[in-house]
Amino acid sequence: MKNYFAHETAVIDEGCSIGDGTKIWHFSHIMKDAVIGPECNIGQNVVVSPEVKLGRNVKVQNNVSIYTGVECEDDVFLGPSMVFTNVINPRSAVVRRDEYQQTPVRKGASIGANATIICGNEIGAYAMIGAGAVITKEVKPYALVVGNPGQQIGWVSEYGHRLQFDEYGNATCPESGQEYELKEHQVTRSNKG
C-alpha cells in the first residue's frame, strides 16, 4: 500500500523505496533503486537518480537533480536549482559510470539556491552553503560557506543563525539558546545548551 503522495505527472520507477508521508510534486522522476525516507518533500521538476539515498524530512526544492553518489542524511535542505555533480572530468564520449564519486550531505545541512557541489566533497552536519556558492572542498560541520570558489566566512547554529564566539570560544544561538564551542577550528554543540 502506498503511504506517500505523488502528483499524477511524477514518474516513479519500479524498485525504488519511498517513505511514509513523503510528497513528490509535478514532473519529478524518482529512478530505480533510489531510497527516499519518510516525510520528505520533493519539489517540481526534480530528478532523483539510481541509488541516491535521502533520509527523513529532506526538503528538495524545484529543479534539483540529485545524481548517483549523493547521500543526504535527515533534515537536509536542497535549495532551488542547486546542482550536484558525480564525475570530476566528464566527457560525452568517455563512459565513466564506474567512476561516480560519493558526496555525503550530513544531518541538517542546507544548500542554497543555485549552489554547485563538486562531487567527492562532504558537507558537514548543519553546514550552510550560501546561494550561488561553488563547493570545491570539504565543508566542516556548522560552517557558513559562500562565494565562488566557496570560502568559509563563519559558523552557524542548528537553527541557521550566525554564531558570534567570545574570547573563550563560546557562543549561544539567539533563537534556540543552544550553546556552542569553537576549539581548533571545529565547532561542537555544548552539552550545556
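Residues numbered from 1 in each chain as written. Predicted model: local features only at pLDDT ≥ 70, side-chain atom pairs only at ≥ 80, totals over all residues. Heavy atoms only, no water.

**Here we look at the sheet that holds strand β24 (residues 186-189)**
Logical step 1: As summarised here, the arrangement of the three strands in space is β22-β23-β24, forming an open sheet in which the pairing is antiparallel. Each having just a single partner strand, β22 (170-172) and β24 make up the two edges of the open sheet. Looking at each pair of strands side by side, their axes are set apart by 25° on average, direction ignored.
Logical step 2: With four bridges joining them, strand β23 (residues 179-183) and β24 adopt antiparallel strand pairing. (Pairing = 2+ DSSP bridges. Helix = DSSP H or I, 4+ residues; strand = E, 2+ residues; numbered from the N terminus. Axes fitted to C-alpha atoms, helices over the stretch in contact; angles between N-to-C directions.)

**Some words on the environment of isoleucine 30**
Logical step 1: Following the sequence through the fold, isoleucine 30 ends up in strand β5 (residues 29-30).
Logical step 2: Between the C-alpha atom of isoleucine 30 and that of valine 47, which follows or precedes it by 17 residues, the distance is 6.1 Å.
Logical step 3: For isoleucine 30, the residues in contact, after removing those within four places along its chain, are Val11, Ile12, Asp13, Cys16, Ile24, Ile36, Ile42 and Val48. (Contact = heavy atoms within 4.5 Å.)

**As for the pairing of strand β21 (residues 151-155)**
Logical step 1: Across four bridges, the pairing between strand β20 (residues 143-146) and β21 is antiparallel. Bridge assignment links valine 145 to a residue of β21, and that residue is glutamine 152.
Logical step 2: From the end of β20 to the start of β21, which pair antiparallel, there are four residues, and glycine 147 there has a positive phi angle of about 90°.

**As for the packing of aromatic side chains**
Logical step 1: For the structure shown, the criterion picks out three aromatic pairs.
Logical step 2: Centre to centre, the rings of phenylalanine 5 and tryptophan 25 are 4.9 Å apart; their planes meet at 50°, and the pair counts as tilted. One end of the pair, phenylalanine 5, is in strand β1 (residues 5-6); the other, tryptophan 25, is in the loop between β4 (23-24) and β5, with 20 residues separating them in the sequence.
Logical step 3: Ring centres of tyrosine 142 and tyrosine 180 lie 5.4 Å apart, and the angle between their planes is 70°; this geometry places the pair in the edge-to-face category. In this pair, tyrosine 142 is assigned in the loop between β19 (134-135) and β20 and tyrosine 180 in strand β23, connecting sequence segments 38 residues apart. One exposure class covers both tyrosine 142 and tyrosine 180, and it is buried.
Logical step 4: In this structure, lysine 2 packs its charged tip against the face of tyrosine 4, placed 5.3 Å from the ring centre. (Phe/Tyr/Trp six-rings, centres within 6.5 Å; stacked < 30°, edge-to-face > 60°. Buried < 20%, exposed > 50% of the residue type's maximum accessible area, 1.4 Å probe, protein only. Lys NZ or Arg CZ within 6 Å of the ring centre and 35° of its normal.)

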